[in-house]
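Listed here are the chains, written in short residue letters.
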Amino acid sequence: LTIGGIDGSTYGTLELARSSTINTTGTKIINDYGRITSLVNAQQTFTFNNTGDVTIAANGYIHLIGNGYAPGSVTGEAGQNEIGAAGGTHGNTGGRGHSGTSVAAIYGSSIKPQTFGGPGGRGPVGWGGRGGYGGGIINLNYSGNLTLNGTIETNGEGGNNSWGRNGGGAGGSIYGKILGTLNGTGAFLANGGIGGDTDYNFGRGGGGGGGHIAVYY
């Protein structure tokens, strides 16, 4: 499986709409500007199995956003109906935002991460927008080597910009098992989404907390 042009000048995108398991054999390459992305959709898990070596180039990535808990979920959710609502919680608490509201408690495992990121809080009803979705779950099962110069990430969605200043969603989970070696200058990321903001002087929503990452090799 090869995604993106060999010379780095051609974009190639594989977009995933819902939970998926992708099984590949032999060498898997994500070249410069090759990318695997996702649609924003609640509680999605993406599993990547490969029996050979995997290479992700410097500008290549697996970049999933907003596949965790949806706004209105209980788990990891910040307070609602506040101007400058707080960010969602997961492996870390979300930012309190302008409102200074309380945030949810940290949850999930840092040893075997398999939980979704919590959603951001929402501003007052009728003020528009919503909090960001939390991040989803990525499972990596590679029997060969992984050379990572790009990024593998499952991030929370940013809070919508509106009068209400909605909070960002928390980062998701990455659980990786690599039987070979892990090399490269890239990164695994489970970042929270930024808090919503507008040009009005009410302060901004809180950013989402980070998620959980555990990669064994």
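Provided above is the structure to which this section pertains.
Per-chain numbering applies: the sequence of each chain, read as written, is numbered from 1 onward. This being a predicted model, a pLDDT of at least 70 is required before a residue's local features are given, and a value of 80 or more before pairs of side-chain atoms are given or counted; all residues contribute to the totals for chains, interfaces and linings. Just so you know, side-chain values use all the structure's heavy atoms and leave hydrogens and water out.

### Regarding the overall build of the protein chain
Part 1 of the argument: Looking only at helices and strands, the protein chain has zero helices and 15 strands in total.
Part 2 of the argument: Residues counted as buried form 51% of the 217 residues belonging to the protein chain.
Part 3 of the argument: Within the protein chain, residue pairs in contact and separated by at least 24 positions form 74% of the contacts whose partners lie at least 6 positions apart. Every helix listed is a DSSP run of H or I at least four residues long, and every strand listed is a run of E at least two residues long, numbered separately from the N terminus. Buried residues are those whose accessible area, probed at 1.4 Å on protein chains only, stays under 20% of the maximum for their type, while exposed residues exceed 50% and partly exposed ones sit between those limits. The contact definition used throughout considers only heavy atoms, calling two residues in contact when any of these lie within 4.5 Å.

### Details of the nonpolar core
Part 1 of the argument: Put simply, a nonpolar core is a bunch of buried Ala, Val, Leu, Ile, Met, Phe, Trp, Tyr and Cys residues held in one set by side-chain atoms that sit within 4.5 Å of each other. Counting 20 residues, the largest nonpolar core has Phe48, Ile62, Ile138, Leu140 and Ile152 as the members making the most contacts within it.
Part 2 of the argument: A per-element tally of this core places strand β9 (residues 137-142) first, with three residues.

### Quick word on the sheet that holds strand β12 (residues 173-178)
Part 1 of the argument: By the convention used here, strands pair only if DSSP detects at least 2 bridges between them. The parallel open sheet is built from five strands, whose spatial order is β3-β6-β9-β12-β15. In the strand order of this sheet, the two ends are held by β3 (20-24) and β15 (212-216), each with one partner. On average, each strand axis in the sheet is inclined to that of its neighbour by 5°, with strand direction left out of account.
Part 2 of the argument: Note: β3 against strand β6 (residues 45-50), five bridges, orientation parallel. Note on geometry: axes are lines fitted to C-alpha atoms, helical ones only across the stretch in contact, with angles between N-to-C directions running from 0 to 180 degrees.

### Topic: the pairing of strand β5 (residues 34-38)
Part 1 of the argument: Burial runs high along β5: four of the five residues are buried.
Part 2 of the argument: Relative to β5, strand β2 (residues 12-16) is paired through five bridges, and the arrangement is parallel. Bridging across to β5, threonine 13 finds its partner in arginine 35.
Part 3 of the argument: Alignment of β5 against strand β8 (residues 61-65), held across three bridges, turns out to be parallel. Residue pairing in the sheet places isoleucine 36 in a bridge with isoleucine 62 of β8.

### Some thoughts on the environment of isoleucine 111
Part 1 of the argument: By the element assignment, isoleucine 111 lies in the loop between β8 and β9.
Part 2 of the argument: Remark: the alpha-carbon pair of isoleucine 111 and tyrosine 216, spanning 105 residues in sequence, is separated by 9.7 Å.
Part 3 of the argument: Apart from the residues lying within four places of it in its own chain, the contact partners of isoleucine 111 are Tyr175, Ala214 and Tyr216.

### Focus on the sheet that holds strand β10 (residues 146-148)
Part 1 of the argument: Spatially, five strands are ordered β1-β4-β7-β10-β13 in an open sheet, and the strand pairing comes out parallel. Each end of this open sheet is capped by a strand with a single partner; those strands are β1 (2-3) and β13 (182-183).
Part 2 of the argument: Relative to strand β4 (residues 28-30), β1 is paired through two bridges, and the arrangement is parallel. Bridge pairing links isoleucine 3 to isoleucine 30 in β4.

### Description of the environment of serine 20
Part 1 of the argument: With respect to the helices and strands, serine 20 occurs in strand β3.
Part 2 of the argument: Once the C-alpha coordinates of serine 20 and threonine 45 are considered, the two residues, 25 residues apart in sequence, prove to be 6.7 Å apart.
Part 3 of the argument: Within the structure, the side chain of serine 20 is placed 2.7 Å from the backbone oxygen of arginine 18, a separation counted as a polar contact. Nitrogen and oxygen atoms within 3.5 Å of one another constitute a polar contact, given that in protein one can donate a hydrogen and the other can accept it, and given that sequence-neighbouring residues count only through two side-chain atoms.

### Overview of the pattern of salt bridges
Part 1 of the argument: Whenever Lys or Arg places a side-chain nitrogen within 4 Å of a carboxyl oxygen from Asp or Glu, that contact is recorded as a salt bridge. Taken as a whole, this structure holds one salt bridge when the rule is applied.
Part 2 of the argument: A salt bridge links glutamate 157 to arginine 130, with the nearest nitrogen and oxygen atoms 2.9 Å apart. You can see glutamate 157 sitting in the loop between β11 (151-155) and β12 and its partner arginine 130 sitting in the loop between β8 and β9, a full 27 residues away along the chain.
Part 3 of the argument: Judged by relative accessible area, which is 27%, arginine 130 ranks as partly exposed.

### Some remarks on the side chain of threonine 151
Part 1 of the argument: Secondary-structure assignment places threonine 151 in strand β11.
Part 2 of the argument: Given the relative accessible area of 19%, threonine 151 is considered buried.
Part 3 of the argument: With residues near it in sequence (within four places) discarded, threonine 151 still touches Ile56, Gly60, Tyr61, Ile62, Ala187 and Leu189.

### Things to note about the side chain of serine 38
Part 1 of the argument: Within the fold, serine 38 resides in strand β5.
Part 2 of the argument: According to the relative accessible area criterion, serine 38 is buried, its value standing at 13%.
Part 3 of the argument: At a separation of 3.4 Å, a polar atom in the side chain of serine 38 contacts the main-chain amide nitrogen of isoleucine 65.
Part 4 of the argument: Those residues in contact with serine 38 that sit more than four places away from it in its chain are Leu16, Phe46, His63, Leu64, Ile65 and Asn67.

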